[in-house]
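# Report on the structure
Given next are the chains, with one letter for each unit.
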Amino acid sequence: MEIKLLAMDLDGTLLTTANCVPSANAFAVQQARRMGVTIAICTGRAQCEAEFAAVQVGGCDYIITCNGSMLFDNINRHYLSFNIIPYSLVDQVLAILDSYDVFYQVYVDDAVCCPAKHFDDFAKAPMAQAYIDMFHDSQIPLEDPRRDIPAKGLDVTKFYIPNWDTRLLADIRRRIQKIPDLEVTASSDYSVEIFQAGMDKITALRKLVDHLGITFDNVMMIGDSENDYQAVRAAKYGVAMDNSPDFLKNAARFVSLSHDDCGVAYAIDKLILTPAKAAQLPPDAPEPPMDGASRPCRFQ
């Protein structure tokens, strides 16, 4: 089989709006895994916010978190890569964020912190209600992040700023982009994500591909947002969800159904399971009839 690694984003991809893995997605992923395909979750979330999805999907081999800052071997339970933002850069970012007096999250070690004075604003942030309900109480409030993070020796891997004000986000993005050694991306129109330069999903996938001894010709990557763009474009089997922005759909070779329509399961069936079944048929066997529930998607 040409596809040896299946990598999937979480929000807007593997997970529904209700912040869960639908049974159809889990079934398809495990069918691919039983066929020998290595399974990787590839998300902007922290490890503590991603592992529940690994359980719901029935298990996976690797977990890439914080947009690529961390690469975790989920079978042997150890990190293959763990990259942190130097305190000098952390302080510059926090100085900018605090100047706006808004809610933001700081991903540290395997936890998520936020300014104590904005702790209650988490419930009003532009995020799925199911996500808010699941992770509200796990947020760690810090009275003064600029003081407390270095004082507590916390290792920062990412900043996440969700806000309904897109002009404010654009201004934050503009200021952060002036700081060398940092990168900025987004997982929605109402967020900004900040991390160390080079610690993105495509970089983590390159490390995993090298670790597995394969190439991107053997990779299927499924995503829906800006932070998936490079990985979807690099993979020979790059898949964009139907809920993706146009620029990602144009970069992908395949566009699937939406995350609420089990688009991951649909893509796995079309690119992994159906070709595998066809390869097992005798050369003169008639083509199987189309499933009446199938819906058209395009290849490029």
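Details of the structure are given in the entry above.
Summary of the structure given here. (Residues numbered from 1 in each chain as written. Predicted model: local features only at pLDDT ≥ 70, side-chain atom pairs only at ≥ 80, totals over all residues. Heavy atoms only, no water.)

### Brief notes about the overall build of the chain
When helices and strands are tallied, the chain shows 11 helices and 14 strands. Relative to the compact-globule value of 19 Å for 300 residues, the chain shows a C-alpha radius of gyration of 20 Å, a close match. Here the chain holds 300 residues, and 55% of them are scored as buried. For the chain, long-range pairs separated by at least 24 residues make up 61% of all intrachain contacts whose partners lie at least 6 apart in sequence. Roughly 13,100 Å² of accessible area belongs to the chain as shown, and the carbon and sulfur atoms make up 52% of that amount. For the chain, the distance from the average site of its 27 positive side-chain charges to the average site of its 40 negative ones is 4 Å. (Helix = DSSP H or I, 4+ residues; strand = E, 2+ residues; numbered from the N terminus. Rg over C-alpha atoms; globule rule 2.2 N^0.38 Å. Buried < 20%, exposed > 50% of the residue type's maximum accessible area, 1.4 Å probe, protein only. Contact = heavy atoms within 4.5 Å. Areas by Shrake-Rupley, 256 points an atom, 1.4 Å probe, with all protein chains shown as cover. Lys, Arg positive; Asp, Glu negative; His and termini not counted. Charge placed at Lys NZ, Arg CZ, Asp CG, Glu CD.)

### Points about the packing of aromatic side chains
This model, assessed by the stated rule, comprises 9 aromatic pairs. An angle of 90 degrees between the planes, with centres 5.1 Å apart, marks the rings of Tyr 79 and Phe 82 as edge-to-face. Exposure remark for Tyr 79: the relative accessible area of 31% places this residue in the partly exposed category. Considering the side-chain rings of Tyr 229 and Phe 247, the 5.9 Å spacing of their centres and the 55 degrees angle between planes classify their relative orientation as tilted. You can see Tyr 229 sitting in helix α9 (residues 229-234) and its partner Phe 247 sitting in helix α10 (residues 246-251), a full 18 residues away along the chain. The class for Tyr 229 is partly exposed, based on a relative accessible area of 26%. Directly above the aromatic system of Tyr 107 lies the positively charged group of Lys 158, at a separation of 4.7 Å from the ring centroid. Taking NZ or CZ as reference, Arg 253 lies 5.9 Å from the ring centre of Tyr 237, over its face. (Phe/Tyr/Trp six-rings, centres within 6.5 Å; stacked < 30°, edge-to-face > 60°. Lys NZ or Arg CZ within 6 Å of the ring centre and 35° of its normal.)

### Points about the sheet that holds strand β13 (residues 237-240)
If you walk across this open sheet you meet the 8 strands as β5-β4-β3-β2-β1-β12-β13-β14, and the pairing is mixed. Looking at which strands have only one partner, the edges of the open sheet turn out to be β5 (78-82) and β14 (254-255). The strands touched by helix α3 (residues 47-56) within the sheet are β2 (38-42), β3 (62-65), β4 (70-73) and β5, with β3 carrying the most contacts at an inclination of about 145 degrees. Against the sheet, helix α8 (residues 201-212) engages β1 (5-8), β2, β3, β4, β5 and β12 (219-223), with an angle of about 155 degrees to β3. (Pairing = 2+ DSSP bridges. Axes fitted to C-alpha atoms, helices over the stretch in contact; angles between N-to-C directions.)

### A look at the side chain of Ser 225
Relative to the helices and strands, Ser 225 resides in the loop between β12 and α9. A relative accessible area of 6% means that Ser 225 is categorised as buried. For Ser 225, the side chain forms a polar contact with the side chain of Asp 224, separated by 3.0 Å. In contact with Ser 225, other than residues within four places in its own chain, are Ala 186, Ser 187 and Leu 248. (Polar contact = N/O pair within 3.5 Å; in protein donor to acceptor, adjacent residues only side chain to side chain.)

### A few points about the sheet that holds strand β10 (residues 182-185)
Reading across the sheet, the 6 strands line up as β8-β7-β6-β9-β11-β10 and stay open at both edges, with mixed pairing between neighbours. Unpaired on one side and paired on the other, β8 (140-142) and β10 mark the two borders of the sheet. Going across the sheet, the axis of each strand differs from the next one's by a mean of 25 degrees, ignoring polarity. Across 4 bridges, the pairing between β10 and strand β11 (residues 191-196) is antiparallel. Directly across from Glu 183, in β11, lies its bridge partner Phe 195. Together, β6 (105-108), β9 (156-162), β10 and β11 form the strand contacts of helix α4 (residues 87-100), whose direction differs from that of β9 by roughly 15 degrees.

### As for helix α2 (residues 23-34)
Between its first and last C-alpha, α2 extends 16 Å over 12 residues, near the 16 Å set by a 1.5 Å rise per residue. Immediately downstream of α2, the backbone of Gly 36 shows phi near 100 degrees, a positive value. (Expected span 1.5 Å × (residues − 1).)

### A short note on the environment of Thr 38
Examined against the element boundaries, Thr 38 turns out to sit in strand β2. The spatial distance from the C-alpha of Thr 38 to the C-alpha of Leu 6 is 6.1 Å, given a sequence separation of 32 residues. Once you skip the residues sitting within four places of it in the chain, Thr 38 turns out to touch Lys 4, Leu 5, Leu 6, Asp 61, Tyr 62 and Leu 212.

### Some points on the nonpolar core
Grouped together as the largest cluster of nonpolar side chains are 52 residues, with contacts concentrated most on Leu 6, Met 8, Met 220, Ile 222, Val 264, Ile 268 and Ile 272. The leading source of residues in this core is helix α11 (residues 263-280), at 8 residues. Discounting residues that sit within four places of it in the chain, Ile 268 has contacts with Leu 6, Ala 28, Val 29, Ala 32, Met 220 and Leu 273. Core analysis: the second largest hydrophobic core is formed by 29 residues, Leu 154, Ile 172, Leu 182 and Val 184 among them. (Core = buried A, V, L, I, M, F, W, Y, C linked by side-chain atoms within 4.5 Å.)

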